[in-house]
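So you can see what is in the structure, the chains are spelled out below.
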Amino acid sequence: MPPKKRNSGTPQSKELKPSAESGSPEKKESPELSLKKHRDKDAEFVTLCKSLHVTDLVCDSAWRLWKNVQDSVEEVADSQKRLWGACLFVSATDMDVSCFTFTQVLKAVGLNVKQFFTLVRKLDVNLDTISTKVNSALTRLEKKYDVTLALYQRFEKTCKKIFALLPDGKERETIRSCWTMFLLAKGRALQMEDDLVISFQLLLCTLELCIKRCPPDLLQPLYKSAISKVQSPPTRTSRRNQSKAKSRPMVPEVDLQLLKTLCTENECNAEEVKNVYQTSFSAFLDSLDLSRSPDFPQVNDINQQYDEHYLKSKEFDGRLFFDGDETVLVPKIEISQVERTPKKNLSDEDAVLIPPQTPIRAAMTSIQQLRGDLTSSGDQPSTNLATYFKNCTVDPTQDVLKRLETLGQAFSQRFGQAVGPRCIVLGRQRFNLGVKLYYKVMEAMLKSEEKRLSVQNFSKLLNDSTFHTSLLACALEVVMATYGESSFRTGGYNHGSGGVDAAETNVCFPWILDVVNLSAFDFYKVIESFIKADPTLSKDIVKHLETCENLIMERIAWRTGSPLFELLKQEHEGGAAEQVETPASFSQPLQHNHTAADLYLSPMRPGHRVLPPESPAPPSSQATSQPPTQPAGQTPRPPKSNSLSLFYKKLYRLAYMRLKILCSYLLSSHPELEPIIWTLFQHTLQHEHELMRDRHLDQLMMSAMYAICKVKSVDLRFKTIVTAYKNMPNTNQETFKHVLITEGHFDSIIVFYNQVFMQKLKTNILQYASTRPPTLSPIPQIPRSPYKFPNSPLRVPGSNNVYISPLKNSRMSPGIMTPRSRMLVSIGESFGLSNRFQKINQMVNSSERSLKRTLDLGATPKPLKRLRFDMDGQDEADGSKSGGDSTLIQKLAEMSSTRSRMQEQKMKEDTESRKE
């Protein structure tokens, strides 16, 4: 299919022709397609291959792939040509042969980006049809496309505010050049072109340059007046100093007033954009020799430079966004759930205009919120924190500062290597924000510990290097996630299967652990305490940290060399194998009083810490309580690790939750199999944990499901399990395509089951087919989430319209607050007209009347949700204060209800055991 013509009369249309034949540079390296060799193939397929300049090897590989999937994709409502194009893309990516650009294959088969992504994934009919390499490349390309689309949508909107519409359309050429220059700057300055925040900051830099160099008649009044009156023109250099001037390129002068206006209009931090300008963008201008010129960049020169970049990258042509080309267009973006809130019947003076939540606005809001929360925090320990340091038996201040200096250099250097060579300064900015958050959370943790233990000397904890490194790593991960640089599009797999430099340019978790040289098991210990210590964390960040914790439990903590294996070895050698997590505790809620101090200070229970024979008892001001004396003649019970016990509690609950989801997809007609599969799964985790070494939790889950279905004569194939598994949240194809078989050898999940899992557990599996199967493991109680969101508005019981929310800083705009209720009231701030209180009274009264009406009708009302005011999420046992008699009554009622449920469940289990 020939490329569609672009807008006539533009320089861009002239540049498209060489793009269409971009295979010509590759033809020198690879011979032209031989038609004689491909007489056995469809003539149209060979014609498509020839138009895309593919090699004979790619042609053969794509045809074999097509023949393999032909029968399986018959139900796909796509023409053969489109499927051929997808096969050619897969084969070329797998073989690392760059025959064509992504845009060229889209044009050839007449599909847009999203349609093509969907079609390629439909080809994955077997476990090995699409390799992990192709899948990673596809994921990376899709993310880059999403980022570029979001940037163009913001660019288009911003240009309408900047440039005036002229009758001759002269402004359009300027806007096109500006967009092309930005694409070139992004490609040259960033190795991570999918970094939304830095890319957007580069876009603002490009707009600043174009605004101050374009004719004034093209500008709207706001930006015409924003340009500084005094511009520093390029000075004429004498012949004597010309050689010196050439060797020392002039740094382009930033118009701070104009830049500030752009940043204010786009809710972006001006200081960060200025740093991007002075590092990455100025280096880009120097490379094009544009630093010295006061004129607007030449359109043809910029186009030619971008053509070279585009043909080299072999990806999509970003200029097509400007032309509205069908290959990059997508259906209108679905409005988010927040925006689909029903419109309220508000009067004009009460109505609040809420802007739509775009990816860029969401990112800018998150950054603004983080920086606002850290405004009062410094990059040095506060007075209170310094006092805690001085109260220690050994003052940790110098060690803390030295550690921060070392890790700061390492973080900045690694950030620059991953993001871009000129981004070391930006890495230092990220690190400084992380240090502020690190100090803030540490102080909050120590205050909580002081209240809980009534001590002020935390020498053991504050001199623990692992604790400090973990706390700092968690703070840095929060900063990276806030800036959108750490996400889970690849399911936590950070190696370079998707390209040559994929691993080096991926800063997603657990990248930070590698930077600070920290084990994942040690990092997990701080996550929950970190969240509880900082109630200002947004819900998205809390979810991100929870996902980090899940990744650690699923896979990362099970890598060879992890301290988790040493702890498990100690437990088993000490005869405490059964103590890792008693099955009887599964049905109990996941409640514990362990803090970061408990988890880092010792792997043993504080109540069983035994002192050396001649060591004096430590002072009562230490952070841990002392054990009771061991009674004479009693055999000491092997100590149990707090961190290991809590890890397994959370692991079991995560494992069962994922198993329950998979069973709901596949075994809804066989509900009796779920507890049997869980029993085998739990037995494997407890007694055969070596199977988890360098593997994934879900690999054992799928194997356990297949094994039980096999012995119970339920027809369930591995292919069916894998197909359902791909629809589960937080999954990656690498989990079932790249499984460790023996050291250094990987294969599919089927090979793992046959050669490893079945061989290890064959005796245990066959027991489930006997007349006396093993006793079923209790089902863990699954909490909604181990973490609470204290800043979320809570609905008043009995009302659908009244919510109570903690007092938030006035810097938060109304558009950020949720839910979009009838009225947002902040007690303690100016409220306005008195008639608003009357409206609230009417709303509450109407809900009371409706509740009374249901009572009068004799119907049993639904139990009202408990309204919690303890914002730190702790109970009295943790040191938090009581919320009054009503809170105490609610807690007693909850305890009574929990006890009743436990008794009922125990009676039910006893009855079932008697029947058996």
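Residues numbered from 1 in each chain as written. Predicted model: local features only at pLDDT ≥ 70, side-chain atom pairs only at ≥ 80, totals over all residues. Heavy atoms only, no water.

1. A look at the overall build of the protein
Within the protein, the secondary structure is distributed over 35 helices and four strands. Evaluated residue by residue, the protein yields a buried proportion of 48% over its 916 residues. Within the protein, residue pairs in contact and separated by at least 24 positions form 75% of the contacts whose partners lie at least 6 positions apart. Accessible surface computed for the protein: about 46300 Å², of which carbon and sulfur atoms make up 52%. (Helix = DSSP H or I, 4+ residues; strand = E, 2+ residues; numbered from the N terminus. Buried < 20%, exposed > 50% of the residue type's maximum accessible area, 1.4 Å probe, protein only. Contact = heavy atoms within 4.5 Å. Areas by Shrake-Rupley, 256 points an atom, 1.4 Å probe, with all protein chains shown as cover.)

2. A short note on the pattern of salt bridges
Scanning the entire structure with this criterion turns up 33 salt bridges. When the shortest N-O distance is used, the salt bridge between D317 and R319 registers 3.0 Å. Assigned by exposure class, D317 and R319 land together as buried. Among the ionic pairs, K660 bridges to E674, the shortest N-O distance being 3.8 Å. Taken together, the residues span a long stretch of sequence, with K660 in helix α28 (residues 642-666) and E674 in helix α29 (residues 673-687) at a distance of 14 residues. The network of salt bridges with shared partners includes K114, R121, E142 and D146. (Salt bridge = Lys/Arg side-chain N within 4 Å of Asp/Glu carboxyl O.)

3. Observations regarding the packing of helix α13 (residues 256-265) against helix α14 (residues 270-287)
Where α13 contacts α14, the axes come no closer than 9 Å and their chain directions differ by 125°. In terms of their interaxial angle, α13 and α14 are classed as oblique. Handedness of the crossing formed by α13 with α14: right-handed. The residues of α14 that touch α13, namely those facing L256, L259 and C263, are A270, V273 and K274. Grouping the amino acids of the contact of α13 with α14 by side-chain chemistry returns five nonpolar, no polar and one charged. (Axes fitted to C-alpha atoms, helices over the stretch in contact; angles between N-to-C directions. Parallel < 35°, antiparallel > 145°, perpendicular 65-115°, else oblique. Left-handed = near helix turned anticlockwise from the far one by under 90°. Nonpolar A, V, L, I, M, F, W, Y, C, P; charged D, E, K, R; others polar.)

4. Some points on the packing of aromatic side chains
Throughout the structure, instances matching the rule amount to 41 aromatic pairs. Taking the centre distance of 6.1 Å and the plane angle of 25° together, the rings of F411 and F415 count as stacked. With F411 and F415 both in helix α19 (residues 397-419), this residue pair falls four residues apart, about one helical turn. Aromatic pair F647 and Y648: ring centres 6.2 Å apart, planes at 70°, arrangement edge-to-face. Given a relative accessible area of 0%, F647 falls into the buried group. Joined through ring pairs, the aromatic side chains of F521, Y524, W558, F565, F647, Y648, Y652, Y656, W678 and F681 make up one cluster. A cation sits over an aromatic face here: K144 above F316, 5.7 Å from the ring centre. Geometry around F565 places R693 over its ring, the cationic atom sitting 3.8 Å from the centre. (Phe/Tyr/Trp six-rings, centres within 6.5 Å; stacked < 30°, edge-to-face > 60°. Lys NZ or Arg CZ within 6 Å of the ring centre and 35° of its normal.)

5. Points about helix α25 (residues 539-554)
With 16 residues, α25 should reach 22 Å at 1.5 Å per residue; the first-to-last C-alpha distance of 22 Å fits that figure. Across the 16 residues of α25, 13 count as buried, placing the element largely inside the fold. (Expected span 1.5 Å × (residues − 1).)

6. A word on helix α30 (residues 697-711)
Here α30 spans 22 Å end to end across 15 residues, near enough to the 21 Å set by a 1.5 Å rise per residue. With respect to burial, α30 is a largely interior element, 14 of its 15 residues being buried. Following α30 by one or two positions, S713 adopts a phi angle in the positive range, close to 60°.

7. Observations regarding unusual backbone geometry
Along the chain, F509 connects to P510 via a cis peptide bond; the corresponding omega equals 15°. Mapped onto the fold, P510 is located in the loop between α22 (465-482) and α23 (511-516). One non-glycine residue with positive phi stands out, namely N517, at about 55°. Examined against the element boundaries, N517 turns out to sit in the loop between α23 and α24 (520-533). Residue classification places N517 among the exposed residues on the basis of a relative accessible area of 72%. Backbone geometry at S713 places phi at a positive 60°, although glycine is not the residue there. Inspection of the secondary structure puts S713 in the loop between α30 and α31 (718-725).

8. Brief notes about the packing of α30 against α31
At a closest axis distance of 10 Å, the pairing of α30 and α31 adopts a crossing angle of 140°. Judged by the inter-axis angle, α30 sits oblique to α31. Judged by the sense of rotation from one axis to the other, the crossing of α30 with α31 is right-handed. Every residue of α31 that contacts α30 at D698, M701, M702, S703, M705 and Y706 is listed here: F718, I721, V722 and Y725. When grouped by side-chain class, the residues that make up the contact of α30 with α31 number eight nonpolar, one polar and one charged.

9. What about the environment of F296?
One can find F296 in the loop between α14 and α15 (299-313). Classification of F296 by relative accessible area gives buried; the value is 19%. A C-alpha to C-alpha distance of 5.3 Å links F296 and R213, two positions 83 residues apart in sequence. Beyond its immediate sequence surroundings of up to four residues, F296 is in contact with T174, S177, C210, R213 and C214.

10. Some remarks on the side chain of E485
Along the chain, E485 turns up in the loop between α22 and α23. Judged by its relative accessible area of 2%, E485 is buried. At a separation of 2.8 Å, a polar atom in the side chain of E485 contacts the side chain of R430. Beyond its immediate chain neighbours, meaning those up to four positions away, E485 contacts D195, I198, F415, R430, M480, V507 and C508. (Polar contact = N/O pair within 3.5 Å; in protein donor to acceptor, adjacent residues only side chain to side chain.)

11. Thoughts on the confidence of the model for the protein
Per-residue confidence for the protein gives a mean pLDDT of 77; residues scoring 70 or more make up 67%. Of the regions scoring below 50 in pLDDT, residues 603-633 engages in 43 contacts with residues more than four places distant in sequence or in other chains. Between residues 850-886, whose pLDDT stays under 50, and residues either more than four places distant or in other chains, the model counts 32 contacts. (pLDDT = per-residue confidence, 0-100.)

12. A word on the state of the cysteines
Applying the stated criterion to the full structure yields zero disulfides. C268 supplies the cysteine sulfur nearest to C263, a cysteine that is in no disulfide, at a spacing of 5.1 Å. Overall, the relative accessible area of 1% leaves C263 in the buried class. Here C709 stays unpaired: no disulfide links it, and the sulfur of C663, its closest cysteine neighbor, is 7.9 Å away. Under the relative-accessibility criterion, C709 is labelled buried at 0%. (Disulfide = S-S within 2.5 Å.)

13. What to know about the nonpolar core
Formed by 239 residues in total, the largest nonpolar core has its most connected members in F530, F647 and M705. With 13 residues, α28 is the single largest residue contributor to this core. Not counting chain neighbours up to four residues away, the residues in contact with F530 comprise L437, V441, M445, L471, C474, A475, V478, L537 and L545. (Core = buried A, V, L, I, M, F, W, Y, C linked by side-chain atoms within 4.5 Å.)

14. Overview of the pairing of strand β1 (residues 739-742)
Alignment of β1 against strand β2 (residues 745-747), held across three bridges, turns out to be antiparallel. Looking at the pairing, T742 lines up with H745 of β2. In textbook terms, the turn of a hairpin is the stretch between consecutive antiparallel strands, and for β1 and β2 this stretch comprises two residues, one of which, G744, has a positive phi near 80°. (Pairing = 2+ DSSP bridges.)

15. Things to note about the side chain of D698
With respect to the helices, strands and loops of the structure, D698 is situated in helix α30. A distance of 3.0 Å separates the side chain of D698 from the side chain of R658, its partner in a polar contact. A distance of 2.6 Å separates polar atoms of two side chains, one belonging to D698 and the other to Y725. Ignoring anything within four residues of it in the chain, the contact list for D698 reads R658, Y725 and T735.

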